[in-house]
Amino acid sequence: MAITGRIDLHMHSTVSDGTDLPSGILRCAKNAGLSLFALTDHDAVSGCEEIRALLSEAEEETPAFLPGVEFSCRDERGKYHILGYGYDTEKPGILEVVDKGHGLRMEKVRARLDFLRERFGFSFSREDLQELLSYANPGKPHIANLMVRYGYAKTKEEGIRDYLNQLRLPGAYVRPEEAIRGILDSGGIPVLAHPSYGSGDQIIVGEEMRERIRYLMDYGLLGLEAYYSGFTPKLQAEILSCAEEYGLYVTAGSDYHGKNKLIAMGENNLACAEKGHPALGRFLERVSELVS
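Now for a look at the structure at hand. Throughout this description, residue numbers start from 1 for each chain and increase along the sequence as written. Local features are withheld for residues below a pLDDT of 70 in this predicted model, meaning they are given only at 70 or higher, and side-chain atom pairs are given and counted only at 80 or more; totals for whole chains, interfaces and linings count all residues. Heavy atoms from the whole structure form the basis of all side-chain values; hydrogens and water molecules are not counted.

### Focus on the environment of methionine 11
So, point 1. The helix and strand labels rest on DSSP assignments: H or I over at least four residues marks a helix, E over at least two residues marks a strand, and numbering proceeds from the N terminus. Relative to the helices and strands, methionine 11 resides in the loop between strand E1 (6-8) and helix H1 (22-31).
So, point 2. For the pair methionine 11 and isoleucine 25, spaced 14 residues apart in the sequence, the C-alpha separation amounts to 8.4 Å.
So, point 3. Setting aside residues no more than four positions away along its own chain, methionine 11 makes contact with Ile25, Leu34, Phe37, Ala38, Leu39, Thr40, Asp41, Tyr256 and Met265. Note on definitions: a residue-residue contact is assigned when non-hydrogen atoms from the two residues lie within 4.5 Å.

### Here we look at the sheet that holds strand E3 (residues 64-75)
So, point 1. In spatial order, the strands read E1-E2-E3-E4-E5-E6-E7; together these seven strands make up an open sheet with mixed pairing. The strands lining the two open edges of the sheet, one partner per strand, are E1 and strand E7 (249-253). The sheet shows a mean angle of 30 degrees between the axes of neighbouring strands, taken without regard to direction.
So, point 2. For two strands to be treated as a pair, DSSP must find no fewer than two bridges joining them. The pairing of strand E6 (residues 223-228) with E7 spans five bridges and is classified as parallel. Of the residues in E7, the one forming a bridge with tyrosine 227 is alanine 252.
So, point 3. Of the strands in this sheet, E1, strand E2 (34-39), E3, strand E4 (78-85), strand E5 (189-192), E6 and E7 touch helix H10 (residues 278-287), which is tilted by about 85 degrees from E7. Each axis is a line fitted through C-alpha atoms, taken for helices only over the stretch in contact, and angles between the N-to-C directions span 0 to 180 degrees.

### Overview of the layout of surface pockets
So, point 1. One number sums up the size of the largest pocket: a volume of about 1,600 Å³.
So, point 2. Of the two site types, the cavity is a set of points on a 1 Å grid over the protein atoms alone where a 1.4 Å probe fits but cannot get out, and the pocket is an open set with protein on both sides within 12 Å along at least five of seven lines, each lined by residues with an atom within 4 Å of a point. In this structure, the largest pocket is lined by 48 residues; those nearest its centre are Lys79, Lys140, Ile160, Gly200 and Lys261.
So, point 3. Of all the elements, helix H6 (residues 156-162) adds the most residues to the lining of the largest pocket, at four residues.
So, point 4. Residue polarity follows a fixed list, in which Ala, Val, Leu, Ile, Met, Phe, Trp, Tyr, Cys and Pro are nonpolar, Asp, Glu, Lys and Arg are charged, and the others, Gly among them, are polar. Among the residues forming the lining of the largest pocket, the class breakdown is 16 nonpolar, 15 polar and 17 charged.
So, point 5. Reported here for the second largest pocket is a volume of approximately 250 Å³. Grid points are joined across faces, edges and corners, and a volume is the space filled by probe spheres set on the points.

### Topic: the pairing of E3
Where a strand is regular, its side chains alternate between the two sheet faces.
So, point 1. Of all the twelve residues making up E3, eleven are buried; the element is thus mostly covered by neighbouring parts of the structure.
So, point 2. Alignment of E3 against E4, held across eight bridges, turns out to be antiparallel. Within E4, the residue paired with valine 69 across the bridge is glycine 84.
So, point 3. Where E3 folds back on E4, the antiparallel hairpin that results is connected by two residues. The buried label applies to any residue whose accessible area, calculated with a 1.4 Å probe on protein chains only, is under 20% of its type's maximum; exposed applies above 50%, and partly exposed to all values in between.

### A word on the pattern of salt bridges
So, point 1. Salt bridge, as used here: a side-chain nitrogen of Lys or Arg that lies within 4 Å of a carboxyl oxygen of Asp or Glu. Inspection of every chain in the model, using the stated rule, returns 15 salt bridges.
So, point 2. Note that arginine 77 and glutamate 211 form a salt bridge whose closest N and O atoms lie 2.5 Å from each other. Note that arginine 77 is positioned in the loop between E3 and E4 and glutamate 211 in helix H8 (residues 206-217), a separation of 134 residues in sequence.
So, point 3. For lysine 100, the salt bridge goes to glutamate 178, with nearest N and O atoms at 2.7 Å. Of this pair, lysine 100 sits in helix H3 (residues 92-120) while glutamate 178 sits in helix H7 (residues 176-185); the two residues are 78 residues apart in sequence, bridging distant segments of the chain.

### Notes on the nonpolar core
So, point 1. Counting residues in hydrophobic clusters, the biggest one holds 70 residues, and the most contacted among them are Ile7, Leu36, Phe37, Phe71, Ile82, Leu224 and Phe283.
So, point 2. Every residue in contact with leucine 36, bar those within four places of it in the chain, is listed here: Ile3, Arg6, Ile7, Asp8, Leu9, Ala64, Phe65, Leu66, Leu284 and Val291. By nonpolar core is meant a set of buried Ala, Val, Leu, Ile, Met, Phe, Trp, Tyr and Cys residues that side-chain atoms within 4.5 Å join together.

### Concerning H1
So, point 1. Buried residues of H1: Pro22, Gly24, Ile25, Leu26 and Ala29, and no others.
So, point 2. Each element contacted by the buried residues of H1 is listed here: E2 and helix H2 (46-57).
So, point 3. At the C-terminal side of H1, glycine 33 shows a positive phi close to 75 degrees.

### Quick notes on the packing of aromatic side chains
So, point 1. Here a pair means two rings of Phe, Tyr or Trp (six-membered ring of Trp) with centres within 6.5 Å. Their orientation is stacked below 30 degrees between planes, edge-to-face above 60, and tilted elsewhere. Throughout the structure, instances matching the rule amount to 16 aromatic pairs.
So, point 2. Where tyrosine 80 meets tyrosine 215, the ring centres are 6.4 Å apart and the plane angle is 40 degrees; that geometry is what we call tilted. One end of the pair, tyrosine 80, is in strand E4; the other, tyrosine 215, is in helix H8, and 135 residues separate them in sequence. Each member of the pair tyrosine 80 and tyrosine 215 is classed as buried.
So, point 3. With a centroid separation of 4.9 Å and 85 degrees between ring planes, the pair formed by phenylalanine 120 and tyrosine 163 is classed as edge-to-face. Pair noted here: phenylalanine 120 is in helix H3 and tyrosine 163 is in the loop between H6 and H7, with a separation of 43 residues, a long-range link.

This is the structure we're talking about:
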């Protein structure tokens, strides 16, 4: 099938750190007039399975859907977010990385709660802690929202910036080569999310970005997220140039999180698929037979 119109290939549901249920993501994608969307929850694929089930039962016309995932990765060189698209969950590679990422995420949540208690004296009720740990993939936004409820921080952003980010957990991450290998082993396409973003407020450009891309290509990286809600025209142009230079695919995503971020679904600096870079067209052509 030829994919035209508006697309958004980067968004999060309540399965990770978004505020919309997977069913709500599907509804919002339709209301936003998207022709193709992907759910890319952190270290999780269950939301994609839920959307696929809903699509199989849908009687009305719905946008095309591409299963996705986003792995938070780190190694000695820095931090990366690796997106995976079109994987087959019947093959174990992707699920092995999901299981590892989820386990590490739960370890980090407990370590952050201990840190807040020991460093700042922040405590939460047993009921609230049980609810937090019952989430599919709790993270810093969930803890920060709880801090706001208790009056420990004025905003979620303050909670993350001034408290949670003071704790460094360098070992509690999936390595980028593990994520890329797991995606490839399951027939998927690994893509570097927002390539200009590093750790915290770090912006990566020029030869540093190119070296970073080449490094990940050695492990099998196949694409770059060039159309992204947070990019300036200059950053976008540089990433498109890198994709052309290295023969990589291009994708487009908003990084929609519902109420957790002031970003609208479909907000990715791409008017429509037909007006995108040829490398985006090649990506859409490859995944056209994989969409639901």
